[in-house]
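Analysis of the macromolecular model
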Amino acid sequence: GQTPGPPPLVALLHSQNAAVQEQAVVCIRNLSVNDENEIKIVQEGALPPLIKLLQSPVERIQEHAAGALRNLSVNNDNKVKIVIEGALPHLIALLRSRDKRVQVQACQTLQNIAVNDENEVAVVREGGLPPLIALLSSPDEELQEHAAVVVHNLSENAENKVKIVREGGLPPLISLLSCFNLRLLELATATIMNLATNPENKVRIAQRGGVAPLIGLLPSSNDLVQEQAMGALCQMSMNAENKVKIQQEGALGSIIALLKSPNEQTLIYASEALRHLSMNAQNKEEIERAGALPLLVELLSCPIDEVQEHVAVCLQNLSVNANNKIRIVQVGGLPALIELLRSRNKKVQAQGVVALRNLSVNADNKVYIVDEGALPPLIALLRSQDENIQEQACGTIWSLSVNADNRPRIVQEGGLPSLITLLRHANEKIQELGVLAIRNISTTDENKIKI
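Reading the values: the criteria
- Residues numbered from 1 in each chain as written.
- Predicted model: local features only at pLDDT ≥ 70, side-chain atom pairs only at ≥ 80, totals over all residues.
- Heavy atoms only, no water.
- Helix = DSSP H or I, 4+ residues; strand = E, 2+ residues; numbered from the N terminus.
- Buried < 20%, exposed > 50% of the residue type's maximum accessible area, 1.4 Å probe, protein only.
- Contact = heavy atoms within 4.5 Å.
- Areas by Shrake-Rupley, 256 points an atom, 1.4 Å probe, with all protein chains shown as cover.
- Lys, Arg positive; Asp, Glu negative; His and termini not counted.
- Charge placed at Lys NZ, Arg CZ, Asp CG, Glu CD.
- Core = buried A, V, L, I, M, F, W, Y, C linked by side-chain atoms within 4.5 Å.
- Expected span 1.5 Å × (residues − 1).
- Polar contact = N/O pair within 3.5 Å; in protein donor to acceptor, adjacent residues only side chain to side chain.
- Salt bridge = Lys/Arg side-chain N within 4 Å of Asp/Glu carboxyl O.
- Disulfide = S-S within 2.5 Å.
- Patch = residues over 30% accessible without salt bridge, like charges linked within 9 Å, V, L, I, M, F, W, Y side chains within 5 Å.
- Axes fitted to C-alpha atoms, helices over the stretch in contact; angles between N-to-C directions.
- Parallel < 35°, antiparallel > 145°, perpendicular 65-115°, else oblique.
- Left-handed = near helix turned anticlockwise from the far one by under 90°.
- Nonpolar A, V, L, I, M, F, W, Y, C, P; charged D, E, K, R; others polar.

Let's shift gears to the overall build of the protein. Per the secondary structure count, the protein includes 33 helices and zero strands. Considering only C-alpha atoms, the protein reaches an extent of 110 × 40 × 30 Å along its principal axes. Within the span of the protein, comprising 451 residues, buried residues form 59% of the whole. Look at the contacts in the protein between residues 6 or more apart in sequence, and 69% of them connect residues 24 or more apart. Here the protein displays about 19,700 Å² of accessible surface, and carbon together with sulfur accounts for 49% of that area. Both charge centroids of the protein, one from 41 positive and one from 49 negative side chains, sit 5 Å from each other.

So, in structure tokens, the structure goes:
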């Protein structure tokens, strides 16, 4: 009897008869669905003849050969072997086939292959981008989807992020942001978010009109689309021109609404985007006007470290603005900011103390900050191991000491010994701030004796 399994079938792939080839390739395609067979079929030497059949003049044979490779490429070792055996140019050529079924199988094989880091580079090197990008504009949604999955996989690679944009990938991706197919929306937002991590692309996406449709997706009822659209805008908001453009396109209301999102990643992106946007002088006013302050203050006690950090920096940035100095206190920001001074996270401590230092420039705030109990934690930070925190705490105490009523309170809370110790600090800026604070404090008779 004949030996069971693939060998005779593999031999038939080499037949000169197209009908025999087709029967053999259909059998192998069917068998290759099984995990064990995926390995066995390749061991039996099926890859070279299958790859050769991708070039068959018969479209059905092309389709089944690509379908078999698609099944085999589920296996990680096979992903590599298929590329080594030279399948890529032929699979890429089939993306331009007149037969949709052939295009679908070729696309799905590339989809599997491009999950591998080295293959991400190889697909682009072999010229895969132009036909894939062309398929993003196909009138057939199924083809669009398959192409979008491959382009998304390719967009994970840093060099590919630049090449996808250079090859004209942005216009079709941006137009997909306005489609009604949820799967396409998920893929388009995910890909644009990946592309936006590249500095040049942050600008190009905005220039190509990507900002408005991304903002339009922020109220989406689909969690993933919402999260990825917010992620893309968050990346883009790092660029100075985009800080203005995103605000002008009317994004603030939708971003601020996402500060209430139950999705942790969306909340992180929304708070980080506001952190970036708040660096722009005009935006400092617009963010307050759009009603962000109460939500930002509330999030200072968020258990997610990243959110707490982004919100603290955002408030620190906003507190530079004179009107915001008043508004942050009015919405109850002081207790939450003072609480940050006790944080175990050094970054958050630093942001809290800088925000308080900014707020303390306002005459009324000098009183409110002390009344809210800021002195004990500020004085404790004078002994911090972190020089920046020491400097900011000392600067805040100096600023508070400008108010005559605060001077005895700084002494009562035990501030003097720590301030005097700072006069011997190696950092001249800290020494200088210490001197200025002590000079203010020493203007009251009672304190002169204590010094």
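Bringing the nonpolar core into the picture now. Ranked by size, the top nonpolar core spans 148 residues in total, and within it Leu274 and Leu296 carry the most contacts. Setting aside chain neighbours within four positions, we find leucine 296 in contact with Leu259, Leu274, Val311, Cys314, Leu315 and Leu318.

Take the side chain of asparagine 194 next. Mapped onto the elements of the fold, asparagine 194 is located in helix α14 (residues 182-195). Each residue touching asparagine 194, except ones within four places of it in the same chain, is listed here: His152, Ser155, Glu156 and Lys161.

This part is about helix α32 (residues 428-441). Under the 1.5 Å per step criterion, the end-to-end length of α32 is 20 Å for 14 residues, consistent within 8% with the ideal 20 Å. Turning to α32, its buried residues are Ile430, Leu433, Gly434, Leu436, Ala437, Ile438, Asn440 and Ile441. The opening residue of α32, the one whose side-chain oxygen lies 2.8 Å from the backbone nitrogen of lysine 429, is asparagine 427.

Our focus in this paragraph is the pattern of salt bridges. Scanning the model with the defined rule gives 16 salt bridges in all. With a closest N to O distance of 3.6 Å, arginine 183 and glutamate 186 form a salt bridge. With arginine 183 and glutamate 186 both in helix α14 and three residues apart, the pair spans about one turn of that helix. On the accessibility criterion, arginine 183 (38% relative accessible area) is partly exposed.

Mapping serine 73 onto the fold places it in the loop between α5 (59-72) and α6 (76-84). One polar contact links serine 73 to asparagine 112, side chain to side chain, over a distance of 3.1 Å. Ignoring sequence-local partners within four residues, the contact set of serine 73 consists of Lys79, Ile82, Thr109, Asn112 and Ile113.

Looking now at the state of the cysteines. Applying the stated criterion across every chain, the model contains zero disulfides. The thiol of cysteine 107 is unpaired, and the distance to the nearest cysteine sulfur, on cysteine 179, comes to 16 Å. You can call cysteine 107 buried: its relative accessible area is 0%. Here cysteine 302 is not disulfide-linked; the sulfur of cysteine 314 is the nearest cysteine sulfur, at 14 Å.

For the rest of this paragraph, the subject is a nonpolar patch on the surface. A cluster of nonpolar side chains, namely Ile420, Leu423 and Val435, defines an oily patch on the protein surface of about 210 Å² accessible area. Inspection of the secondary structure assignment puts valine 435 in helix α32. Residue valine 435 is classed as partly exposed on the basis of its relative accessible area of 46%.

Looking now at the packing of helix α29 (residues 387-400) against α32. Where α29 meets α32, the axes come as close as 9 Å, and the angle between the chain directions of the two elements is 20°. Between α29 and α32, the angle is such that the two are roughly parallel. As for the relative orientation of α29 and α32, their crossing is left-handed in sense. Here Glu387, Gln390, Glu391, Cys394, Gly395 and Trp398 of α29 lie close against α32, whose contacting residues are Lys429, Ile430, Leu433, Gly434, Leu436, Ala437 and Asn440. Partitioning the contact of α29 with α32 into residue classes produces six nonpolar, four polar and three charged.

Structurally, asparagine 388 is set in helix α29. Here asparagine 388 falls in the partly exposed class, since its relative accessible area comes to 38%. A sequence separation of 34 residues divides asparagine 388 from valine 354, and the C-alpha atoms of the two residues are 9.8 Å apart.

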